[in-house]
Amino acid sequence: MRAGFIIINNFTQLFHLQKSSPKNKLISNNYFKRIITSMSASQTNCEFNNPRLVVKKVLAESQREGDGATVRRSIGRPGLKNLDPFLMLDEFSVSKPAGFPDHPHRGFETVTYMLEGAFAHQDFAGHKDVIRTGDVQWMTAGRGIVHSEMPVGDGVNKGLQLWINLSSKDKMIEPNYQELLREDIARAEKDGVEVRIIAGESMGVQSPVYTRTPTMYLDFTLQPGAEFAQPIPESFNAFVYIVEGEGVFGVSKSKPILAHHCVVLGPGDGLCVWNKSSDALRFVLIAGQPINEPIVQYGPFVMNTQAEIEKTFEDYQLCKNGFEMAKVWRSQK
């Protein structure tokens, strides 16, 4: 047990070392691999040669966003500004009349996953849709979108919204949507583990979603006593967000991590998870290929340079270069 905690503490230090420079990132990655390879099966109880371990956890604290809405933000706050290619993760909880009225985006993608209730989406290109419980909207903002996201019906509407960066060559592409209804999202189940495959692959089942920035997005539910090992491409950065319950990640003897925590994973070829509680555990596992480009973000605009951000403000204010319809469009109530 003591050795396990020493390893976790080393990983936490190495995570901060990685952030300081590319040279330190190479050194720490190699050190990660040597430590993990040297660990015995009895220490990890995990089937992977290089299991991914927890290097950081961030509690998503509530904050106000939009027009009276409440979100729990984990990625995109001072404790975890971004995790390339991921820019933001919000768990939102919204009731009428609050919501996210007309606002712009440029330079990245938003993935909205409804956990409960429904949201109405409209944009200035005439696209309208209602995202209901279990549905996913994968929106590529590209060169520019102005849209609104507002709750439908009474009660609380809950979900997750993930922002995924686009590479410099894709930031100015035309906007695009991929929409998945609940019944169309592939599922797999085995030994008390159920997974919804939004993007990527699990249990031999592949999602049809095209990810311009290569991405894995899996929604797991583990019943009490269940455990699972999920392969993750070694080149991907990865994290877990716990929606409900508590789980043990990476090392079987480590302490359980509670709901509303974002769990950043170190390098490796897969993640092992155990549910040792008496309640179901639900979490999303999200991983993606780092873009390794400069990030300059100002609110809903994400580009590579300050000059590009200034140009984006000009385009939006003058309604040009992708924002032409912003001059006349207003969402319908």
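Residues numbered from 1 in each chain as written. Predicted model: local features only at pLDDT ≥ 70, side-chain atom pairs only at ≥ 80, totals over all residues. Heavy atoms only, no water.

## Description of the overall build of the protein
Under the convention used in this document: For the purposes of this entry, the term helix denotes a DSSP run of H or I that reaches at least four residues, the term strand denotes a run of E that reaches at least two, and both are numbered from the N terminus. Only protein chains enter the area calculation, which uses a 1.4 Å probe; residues under 20% of their type maximum are buried, those over 50% are exposed, and those in between are partly exposed. Here a residue-residue contact requires only that any non-hydrogen atoms of the pair lie within 4.5 Å. Residue exposure ignores everything except the shown protein chains as possible cover, and the areas themselves are Shrake-Rupley values with a 1.4 Å probe.
Along the backbone of the protein there are 4 helices and 26 strands. Counting across all 333 residues of the protein, residues that qualify as buried make up 53%. Excluding contacts between residues fewer than 6 apart, the proportion of contacts in the protein whose partners are at least 24 apart in sequence is 69%. Carbon and sulfur atoms provide 52% of the accessible area of the protein, an area that totals close to 15000 Å².

## So, the sheet that holds strand 22 (residues 261–265)
The condition is simple: Paired strands are those between which DSSP finds at least two bridges. Lines fitted to C-alpha atoms define the axes, with helix axes restricted to the stretch in contact, and inter-axis angles between N-to-C directions lie between 0 and 180 degrees.
On the basis of which strands lie adjacent, the open sheet formed by 7 strands has the order 1-22-19-24-17-14-13 and antiparallel pairing. Bordering the open sheet on either side are strand 1 (54–59) and strand 13 (186–190), each of which pairs with just one other strand. Each strand axis lies, on average, 20 degrees off the axis of its neighbour in the sheet, ignoring direction. Where strand 1 lies against strand 22, 5 bridges are found, and the strand directions are antiparallel. Across the sheet, the residue bridging to Val 58 is Cys 262, located in strand 22.

## Topic: the environment of Thr 112
Where we set the bar: Definition of a polar contact: a pair of N or O atoms within 3.5 Å, with one able to donate and the other able to accept a hydrogen when the atoms are protein atoms, and with sequence-neighbouring residues admitted only if both atoms are side-chain atoms.
Residue position: Thr 112 is located in strand 6 (residues 108–116). The sequence separation of Thr 112 and Gly 159 amounts to 47 residues, and the corresponding C-alpha distance is 7.1 Å. With near-sequence residues (within four places) excluded, Thr 112 lies in contact with Phe 92, Ile 131, Asp 135, Val 136, Gln 137, Glu 149, Leu 160 and Gln 161. Of the polar contacts made by the side chain of Thr 112, one reaches the side chain of Gln 161; its length is 2.9 Å.

## Some details on the nonpolar core
Put simply, the rule reads: Nonpolar cores were defined as sets of buried Ala, Val, Leu, Ile, Met, Phe, Trp, Tyr and Cys residues, with membership established by side-chain atoms within 4.5 Å.
In terms of nonpolar packing, the biggest core is built from 29 residues, with Leu 160, Leu 162, Tyr 217, Phe 239 and Tyr 241 touching the most fellow members. Counting 27 residues, the second-largest nonpolar core is a separate cluster that includes Ala 188, Phe 220, Ala 259 and Leu 271.

## Describing the sheet that holds strand 10 (residues 145–151)
Reading across the sheet, the 4 strands line up as 5-10-7-8 and stay open at both edges, with antiparallel pairing between neighbours. Each edge of the sheet is formed by a strand with only one pairing partner; in this case those strands are strand 5 (100–105) and strand 8 (128–132). Adjacent strand axes in the sheet meet at a mean angle of 25 degrees when their direction is disregarded. Pairing of strand 7 (residues 118–123) with strand 8, which is carried by 5 bridges, proceeds in the antiparallel orientation. By the bridge assignment, Gln 122 is partnered in strand 8 with Lys 128.

## Some remarks on the packing of aromatic side chains
As a reminder, the rule being used: Only rings of Phe, Tyr and Trp enter the pairing, Trp through its six-membered ring, and a pair is recorded when the two centres are within 6.5 Å. The plane angle decides the type: under 30 degrees is stacked, over 60 is edge-to-face, the rest tilted.
Applying the stated criterion across every chain, the model contains 14 aromatic pairs. An angle of 75 degrees between the planes, with centres 5.4 Å apart, marks the rings of Tyr 316 and Phe 323 as edge-to-face. For Tyr 316, a relative accessible area of 28% corresponds to the partly exposed category. Look at Phe 323 and you get buried, because its relative accessible area is 0%. Among the aromatic residues, ring-to-ring pairing joins Tyr 298, Phe 301, Phe 313, Tyr 316 and Phe 323 into one connected group.

## Section: the pattern of salt bridges
In plain terms, the rule: Here a salt bridge means any side-chain nitrogen of Lys or Arg lying within 4 Å of a carboxyl oxygen belonging to Asp or Glu.
Under the defined criterion, the tally for this structure stands at 10 salt bridges. One salt bridge connects Glu 61 with Arg 77, and the closest N-O pair in it is separated by 3.6 Å. In this pair, Glu 61 sits in strand 2 (residues 61–65) while Arg 77 sits in the loop between strand 3 (69–73) and strand 4 (86–94), placing the two residues 16 residues apart along the sequence. Among the ionic pairs, Glu 314 bridges to Lys 320, the shortest N-O distance being 2.9 Å. Look at Glu 314 and you get partly exposed, because its relative accessible area is 32%. The exposure class of Lys 320 is partly exposed, given its relative accessible area of 29%.

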